[in-house]
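Residues per chain, in single letters:
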Amino acid sequence: MPMLPFLAALPLSLALATLSVHAAEPLAAVERAIVPVAAWGGTPADPAKARRHAITQITLHHQGEPFRPGTDPQAYLRRLQGWSRTSKGWLDIPYHYVIDLDGRIYEARHIDFAGDTNTEYDPSGHALIEVVGNFEEVEPNQRQLDAVVDLMALLAAKYKVSLDDIKSHRDHSDKTVCPGANLYRYVKEDWFRHKVALRLAGEQAAKR
C-alpha cells in the first residue's frame, strides 16, 4: 500500500499504525460548524486593502490574555475586530480562526487574506489559528485541543499542508512565547501532528 502524503513526516511504524484509524466526524461537518463572521456580528474586511496569499503553512497562536469561563466569545471577537482595525490599523482580526473555551471554531479574517503579527515574521502563506486564553498561565482544555486538531486537519487536507508545516508562532519568531508553554508543548512534542495524521487517515479510510 502506498504511503499517504500527509503521513510522510511521521516515523514509518507510527504512520502505518494510523492507516486503520477512522475519523470520528467528517471534516466537511467540521467546516460546516465554523461560525461565520456575520453570525458573531463582525463585518467583512475590504478586499481592495487585503494582501492575498496562498496557504502553505498552519500556525498556532494563543490569545495571551485570561479568558474566564462565562466570557461571551462573540463579544470578544467584536472587540478584537474593532481594536485590530482602529488601534492597530490592520485589515481585520490578525487570525483566520479563533477557538473558544467550548471548542467552537469562529471564522475571523478571511482565509484568502494574509494575517498580521506584532513580531517580525511574515505571516503570508500561514493559516493562523488563535486559541483563547493565556497558556503561560493555564492549561488548554480537551475541547480546545480537539478543535485545534479538527481545524488543523481540515486546513491540511484543503490546502495540502504537510505535517512538517504545522507549527506555532514561536517557531517563526524568537520574540514571543506564543502560544504559551502549556499549549506549545503539544506542538513541540508532535502531539498535534500525530493527531492530525490520525484524523486525515481516518478521513481517507472512510472514503474507501
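As shown above, the structure is provided for reference.
The following refers to the structure shown. Being a predicted model, the structure only gives us computed values, none of them experimental.

**Observations concerning the overall build of the chain**
- Of regular secondary structure, the chain possesses seven helices and five strands.
- Counting the 208 residues in the chain, one finds 52% classified as buried.
- Of the contacts formed within the chain by residues at least 6 apart in sequence, a portion of 75% connects residues at least 24 apart.
- Accessible area of the chain: about 10100 Å², with a carbon and sulfur share of 51%.

**Quick look at the sheet that holds strand E3 (residues 105-107)**
- Read across the open sheet, the five strands follow the order E3-E2-E4-E1-E5; overall the sheet is mixed. One side of each edge strand has no neighbouring strand; the edge strands of this open sheet are E3 and strand E5 (166-168). Along the sheet, successive strands turn relative to each other by an average axial angle of 25°, direction set aside.
- Alignment of strand E2 (residues 97-99) against E3, held across three bridges, turns out to be antiparallel. Bridge pairing in E3 places isoleucine 99 opposite isoleucine 105.
- Lying over the sheet, helix H3 (residues 73-86) contacts E2, E3 and strand E4 (126-131), oriented at roughly 35° with respect to E3.

**Section: the pattern of salt bridges**
- Evaluated as defined, the whole model comprises ten salt bridges.
- Of the charged contacts, one joins glutamate 139 and arginine 185 as a salt bridge, the two residues approaching to 2.8 Å between their closest N and O atoms. Taken together, the residues glutamate 139 in the loop between E4 and helix H4 (142-159) and arginine 185 in helix H6 (residues 181-188) connect sequence positions 46 residues apart.
- The exposure class assigned to glutamate 139 is partly exposed, which follows from its relative accessible area of 45%.
- With a closest N to O distance of 3.6 Å, aspartate 174 and lysine 175 form a salt bridge.
- Note on aspartate 174: relative accessible area 69%, which makes it exposed.

**Overview of the side chain of aspartate 100**
- If you trace the backbone, aspartate 100 turns up in the loop between E2 and E3.
- Looking at aspartate 100, the relative accessible area reads 2%, which means it is buried.
- Within the local environment of aspartate 100, its side chain forms a polar contact with the backbone nitrogen of arginine 104, the two atoms lying 2.8 Å apart.
- A polar side-chain atom of aspartate 100 sits 3.1 Å from a polar atom in the side chain of tyrosine 106.
- With sequence-adjacent residues up to four places away left out, aspartate 100 is seen in contact with Pro73, Tyr106, Val132 and Gln144.

About the criteria used
Residues numbered from 1 in each chain as written. Predicted model: local features only at pLDDT ≥ 70, side-chain atom pairs only at ≥ 80, totals over all residues. Heavy atoms only, no water. Helix = DSSP H or I, 4+ residues; strand = E, 2+ residues; numbered from the N terminus. Buried < 20%, exposed > 50% of the residue type's maximum accessible area, 1.4 Å probe, protein only. Contact = heavy atoms within 4.5 Å. Areas by Shrake-Rupley, 256 points an atom, 1.4 Å probe, with all protein chains shown as cover. Pairing = 2+ DSSP bridges. Axes fitted to C-alpha atoms, helices over the stretch in contact; angles between N-to-C directions. Salt bridge = Lys/Arg side-chain N within 4 Å of Asp/Glu carboxyl O. Polar contact = N/O pair within 3.5 Å; in protein donor to acceptor, adjacent residues only side chain to side chain.

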